[in-house]
Amino acid sequence: MAYYLYKKTFDYWTSRGVPNITPEFWHGNTRGLGIKSHTYTLMKKVYNELKDQGPIGGIHVSFRPTAIITDLDLVKSVLVKDFKY
């Protein structure tokens, strides 16, 4: 049962066809965050890995799926034009 929940949680982005970085058990993609590395370092690494694969990518912060927007025009649209929605 626990393996099924683990597998279902970490297959979130793959099952939706979104490019993602394979997460590790428990930590997701944030192993060492705050201890060995800074948030900036992690986000820069994630962005560089996902930027050529599509407008968005997926990571896991612990067990929570998180979308990372890698297309600058989409970032502008979300933060400026569609901010109120």
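Residues numbered from 1 in each chain as written. Predicted model: local features only at pLDDT ≥ 70, side-chain atom pairs only at ≥ 80, totals over all residues. Heavy atoms only, no water.

(A) Structural view of the side chain of Thr-70. Inspection of the secondary structure puts Thr-70 in the loop between strand E2 (64-69) and helix H4 (72-81). Of the polar contacts made by the side chain of Thr-70, one reaches the backbone oxygen of Gly-54; its length is 2.6 Å. Apart from residues lying up to four places away in sequence, Thr-70 is in contact with Tyr-47, Leu-50, Lys-51, Gly-54, Pro-55 and Ile-56. (Helix = DSSP H or I, 4+ residues; strand = E, 2+ residues; numbered from the N terminus. Polar contact = N/O pair within 3.5 Å; in protein donor to acceptor, adjacent residues only side chain to side chain. Contact = heavy atoms within 4.5 Å.)

(B) Structural view of the pairing of strand E1 (residues 56-61). Two elements, E1 and E2, share six bridges in a ladder whose sense is antiparallel. Its bridge partner being in E2, Gly-58 is matched across the sheet by Ala-67. Counting the residues in the hairpin turn of E1 and E2 gives two residues, including Ser-62, whose phi is positive at 60°. (Pairing = 2+ DSSP bridges.)

(C) Region of the structure containing the packing of aromatic side chains. Tallying each qualifying case throughout the model produces two aromatic pairs. Look at Phe-10 and Phe-63: their rings are 5.4 Å apart centre to centre, the planes differ by 10°, and that puts the pair in the stacked class. Linking Phe-10 in helix H1 (residues 2-10) with Phe-63 in the loop between E1 and E2, this pair joins segments that are 53 residues apart in sequence. Note on Phe-63: relative accessible area 31%, which makes it partly exposed. When the centroid spacing of 4.9 Å and the interplanar angle of 85° are considered together, the rings of Tyr-12 and Trp-13 count as edge-to-face. Between the NZ or CZ atom of Arg-16 and the centre of the ring of Tyr-12, over which it lies, the distance is 3.7 Å. (Phe/Tyr/Trp six-rings, centres within 6.5 Å; stacked < 30°, edge-to-face > 60°. Buried < 20%, exposed > 50% of the residue type's maximum accessible area, 1.4 Å probe, protein only. Lys NZ or Arg CZ within 6 Å of the ring centre and 35° of its normal.)

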